[in-house]
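Each chain is listed here by its residues.
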Amino acid sequence: MEASERRVISVIVVNEASVLSRITDLFSGRGYNITSLTVAPIPNGNYSRLTIVTSGSVRVIEQITKQLHKLIPVLKVYEHADLVEKEMALVKFPASENISDISILCEAYNGKIVNVGENVIITMVADEPKRVENFLKIIQKYNPKEIVRSGSAALER
Amino acid sequence: MQISGAQMVIEALIAEGVDTVFGYPGGAIMNVYDEIYKQDNFQHILTRHEQAAVHAAEGYSKASAKVGVAMITSGPGFTNAVTGLADAYMDSIPLVVISGQVPMSLIGTDAFQEIDAVGISRSCTKHNYLVTDAKELPRVLKEAFYIASSGRPGPVHVDIPKDVTAQIADFDYSIELELETYKPHTKGNPRQIKKAMEAIAKAKRPLFYLGGGIINSNAAYEVRDLVHKTGIPAVETFMARGTLSHDDDLLISMLGMHGSYAANMAMSETDLVIGLGARFDDRVTGKISEFAKNAAVIHVDIDPASISKLVNADYPIVGDVKNVVKEMLELSSGVNAEKYEPWRETVTNFDTLHPLTYHEDTDRLKPQWVIERVGELLGDDANISTDVGQHQMWAAQFYPFSRPRQFISSGGLGTMGFGFPAAMGVKAASPEKTSINFTGDGSILMNCQELMTAVEKKLPVINIILNNNYLGMVRQWQTLFYDKRHSETDLSVQPDFVKLSEAFGGLGYRVRTKEEFDAALKDAVEKDVVTFIEVMVERMENVMPMVPSGGSLFNMMLLEKKEK
């Protein structure tokens, strides 16, 4: 077996019905992995941008990009080598936890407290996926009630 | 001009030069059928099953090199057609398949005969559309024909809700297509082509590996020129049969699981594979790590995703094989055909050692004899289609093909039931040739209702049923790899095929001897009516040689030699 490596692929697609299904069907139909997927329209145009985090051998990654290219509504496929990659996470804590500790931790991970309620606080961090993962490990001791990760967004340098 | 969506479908088909549509009406597509009734620009052939409509359109497309068109209704009409779509997708056959859908207002309500058709066809079409507004129809239909026939061809499915076919909108088919995201790459990179030609000139044992893409791109005659100019021997895939003529000295034969010993050995010994429109299918390569192990690889293909998918290409060339082969011809003066004489001799010796043959050692007819005999009697005058199984492999091995588009068979998907309806499509496209369908006693029952279509529309396909009372290919694997446990493959309980054909108004013959076969075939060709010729053949005959699944090409099971 060839070594499997993590890869980030960006796909520019025409904004039209069922285009997302075409992409995800391709991955499931051919047995490729999706670790995370984000999608949003590109401003001022008819296109959307998907950022897909996947993994596979060099040959598999090459096939993924080629097969994506074959889909009719796909304009461009970028297989990133040198990229800036960020992911956001929202975490809900009980208000009874040590808020100042949590706040300092969030700051260390490009984040802050974004909502304070009677019983809970919600924090946001935005950082490289690996660092977000670290953050989520560290905050376990503050008894997080809910965690949401956004999946990666990436740009080539 | 302001017309209904249904009229737009008709106008678009006329504008595309369609002369034959295969189909089956139903509730959701009725508006379009109403317009078919009112026109006489193209003929509609009513098959007796939607699957057959799509297979017939495939056969029509394969024989004519045009886009095949099929029309079906929603729900079960569509799901019946899915096998045909998948078949066309696997074999890169350009089709436009138009289905009716429940009205827009009912979509998503589990309405009568509603199914998410585009959701189902997404993974077995090149592209598909659900048309939600009649305004979109001219563009969608024009795109459908363009996408189906350009680049790597394939089926395009257009799903049209019933209310959209009734909606009135402006129709202008002269619109320019703006497909910013779809631009097939048809011209090969000149530098890569030059490098490939240099590699060919340097090679000692080069080998052409010819694939079905040559047929699709109408490049067979250019490929013949290139092969002859360079003097390099060639093997054909199943899909490429007819690229070179059977009597061409440079054609070794078919390679792969049931390829000839010489073809498979040549592929194992070559130092340079020149792949033209072939995709290194597992039935061709056998164990991939042992495939052409010591060879560099030139790979010409219109589909970039086919290149280096399974076998790494040292000289990848993305382009239409016809364009690329023309460029290769221009640069072929550096190739010295004399140089390959020792290699050609080696290949000839392989063939002398284990020629593609069979033994006539039983009282019953041998299926291979039947195929060879049809070749002797009809040869170039027949178009050959097949179903799937042993008879299909024997047809590919033993029929003397002399031209491209003469052999029409389900290669990629391996669809039993393909042959008869496909042969009807072939006959509709090419009425001057005799249309032969080699089939088996298993396959023929999977679309035998098409006898009715063939009688009604006067499509005199001659179905030659090689009857061994077995699901033969599966039986062969059971014999060889499952210790002769013939699980559910004994088809001894059968209809009377002669009466079956006669019941529909066709001809039927049952033959057991060579003389009877010759007489039946002669009679059928003369009478020009759809025919079943049931040939009682040796039951336990195996297709040989055989590369067991996952084995290396050079490790073939061979036909046992017999003392004469």
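Residues numbered from 1 in each chain as written. Chains lettered and ligands numbered in written order. Predicted model: local features only at pLDDT ≥ 70, side-chain atom pairs only at ≥ 80, totals over all residues.

A count of helical and extended segments in chain B gives 21 helices and 20 strands. For 564 residues, the compact-globule estimate of 2.2 N^0.38 gives 24 Å, and the C-alpha radius of gyration of chain B, at 24 Å, lies within 12% of that figure. Counting only C-alpha atoms and orienting by the principal axes, one finds that chain B spans roughly 70 × 60 × 40 Å. Split into buried and exposed, the 564 residues of chain B put 56% on the buried side. Look at the contacts in chain B between residues 6 or more apart in sequence, and 77% of them connect residues 24 or more apart. (Helix = DSSP H or I, 4+ residues; strand = E, 2+ residues; numbered from the N terminus. Rg over C-alpha atoms; globule rule 2.2 N^0.38 Å. Buried ≥ 20, exposed ≤ 12 C-beta atoms within 10 Å, placed from the backbone. Contact = placed C-beta atoms within 7 Å.)

Once that is clear, we can look at the packing of helix α11 (residues 261-269) of chain B against helix α14 (residues 341-353) of chain B. Residues and elements named next belong to chain B. Two elements in contact, α11 and α14, have axes separated by 8 Å at closest approach and are oriented at 140°. For the pair α11 and α14, the crossing hand works out as right-handed. Residues Y261, A262, M265 and A266 of α11 lie in contact with α14, whose contacting residues are V347, F350, D351 and L353. A per-class count over the contact of α11 with α14 returns 7 nonpolar, no polar and 1 charged. (Axes fitted to C-alpha atoms, helices over the stretch in contact; angles between N-to-C directions. Left-handed = near helix turned anticlockwise from the far one by under 90°. Nonpolar A, V, L, I, M, F, W, Y, C, P; charged D, E, K, R; others polar.)

We now examine unusual backbone geometry. Residues and elements named next belong to chain B. Backbone torsion omega between M544 and P545 reads -5°, so that peptide bond is classified as cis. Here P545 is to be found in the segment after β20 (531-536). If you check the backbone angles, Q113 has positive phi at about 55° while not being a glycine. Tracing the backbone shows Q113 in the loop between β5 (95-101) and α5 (117-121). What makes Q113 partly exposed here is the crowd of 17 C-beta atoms within 10 Å. In the Ramachandran plot, D483 falls in the positive-phi region, its phi being about 55° despite a non-glycine side chain. Tracing the chain through its elements places D483 in the loop between α19 (472-481) and α20 (497-503).

Before going further, it helps to examine the sheet that holds strand β15 (residues 382-386) of chain B. All names here are of chain B. Strand order in the open sheet formed by 6 strands is β16-β15-β17-β18-β20-β19, with parallel pairing between adjacent strands. Bordering the open sheet on either side are β16 (407-408) and β19 (507-511), each of which pairs with just one other strand. In this structure, strand β18 (residues 462-467) lies alongside β20, joined through 6 bridges in parallel fashion. Paired with N467 across the two strands is M536, which belongs to β20. Contacting β17 (434-440), β18, β19 and β20, helix α21 (residues 514-527) runs over the sheet at an angle of about 170° to β19. (Pairing = 2+ DSSP bridges.)

A separate point is the interface of chain B and chain A. Taken together, the 13 residues of chain B in the interface contact 17 residues of chain A. Split into classes, the residues belonging to the side of chain B that touches chain A amount to 6 nonpolar, 4 polar and 3 charged.

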